[in-house]
Amino acid sequence: AQLNIIMEVLDGYNIPKYKKKGQEADDVIATFATNFSKDEEQIETFIITGDKDLTQLVNEKINIALLGKGNGKDSNFRYIRNDDDVIDYLGVSPDKIPDLFGLMGDKSDGIPGVTGIGPKNGVKLITTYQNLENLYKNISVRLITCMHMAIKQKKQHLYAMKVSQVILQLFVQKKLKNSYSIKM
């Protein structure tokens, strides 16, 4: 019911809507934001979302406003504008987010993580080893206790990493002045 009302409001204000069957909204948003930031005009983009995995897009032209993550007094948003903001919020740089979520999971997207590894240990491991591939190459006796579940669930975690990384390059064809279509 809410979606129909939202669509009516968007139509009423002549705001374009985009969807791609079989693709998550994150991937469509990531494609447009990336294309706009690389366009000749280099459009500064603000993404308003509750989904923290989109923070992997943050750069000098792509900003994130996380719904419900503000301090509640000044703002209901947490603004993420650069790598330092991402590191302050998640503990890793934007390019490490798929690896981090591959380890700790992301409940909001239904991505399972390694049993027993939450944000604190996930950040520590990704900071130490840079990515999941290096982590698996360098598992030592010291890490066996913590990583036992990771080894058992490696396939699941590599899948989780893959699905948590947004697609940046859906084929977007500019039709008219302010109209786009997406093709796969």
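Note that the structure is a prediction, hence the values are computed from the model and not measured.

Okay, the confidence of the model for the protein next. Residues at a pLDDT of 70 or more form 88% of the protein, whose mean pLDDT is 84. For the protein, the element scoring lowest by mean pLDDT is strand β5 (residues 179-183), at 59; helix α3 (residues 83-90) scores highest, at 96.

What follows concerns the sheet that holds strand β2 (residues 62-67). Spatially, the three strands line up as an open sheet ordered β1-β2-β3, and their pairing is mixed. Each edge of the open sheet is held by one strand with a lone partner, namely β1 (45-49) and β3 (77-80). In this sheet, neighbouring strand axes are inclined to one another by 20° on average, regardless of whether the strands run parallel or antiparallel. Pairing geometry for β1 and β2, over five bridges, is parallel. Bridge pairing in β2 places I48 opposite A65. The strands that helix α2 (residues 25-38) touches are β1 and β2; relative to β1, the one it contacts most, it runs at about 160°. Contacts from α3 reach β2 and β3, with the element oriented near 130° to β3.

To continue, consider helix α1 (residues 2-12). Counting buried positions over the eleven residues of α1 gives zero, only a small fraction of the element. The first or second residue beyond α1 is N14, which carries a positive phi of 60°.

Residue N14 is not a glycine yet carries a positive backbone phi of 60°. Along the polypeptide, N14 turns up in the loop between α1 and α2. With phi around 75°, Q130 is a residue other than glycine that occupies positive phi space. Summarising the element assignment, Q130 is placed in the loop between α5 (119-129) and α6 (132-137).

Definitions and cut-offs
Residues numbered from 1 in each chain as written. Predicted model: local features only at pLDDT ≥ 70, side-chain atom pairs only at ≥ 80, totals over all residues. Heavy atoms only, no water. pLDDT = per-residue confidence, 0-100. Helix = DSSP H or I, 4+ residues; strand = E, 2+ residues; numbered from the N terminus. Pairing = 2+ DSSP bridges. Axes fitted to C-alpha atoms, helices over the stretch in contact; angles between N-to-C directions. Contact = heavy atoms within 4.5 Å. Buried < 20%, exposed > 50% of the residue type's maximum accessible area, 1.4 Å probe, protein only.

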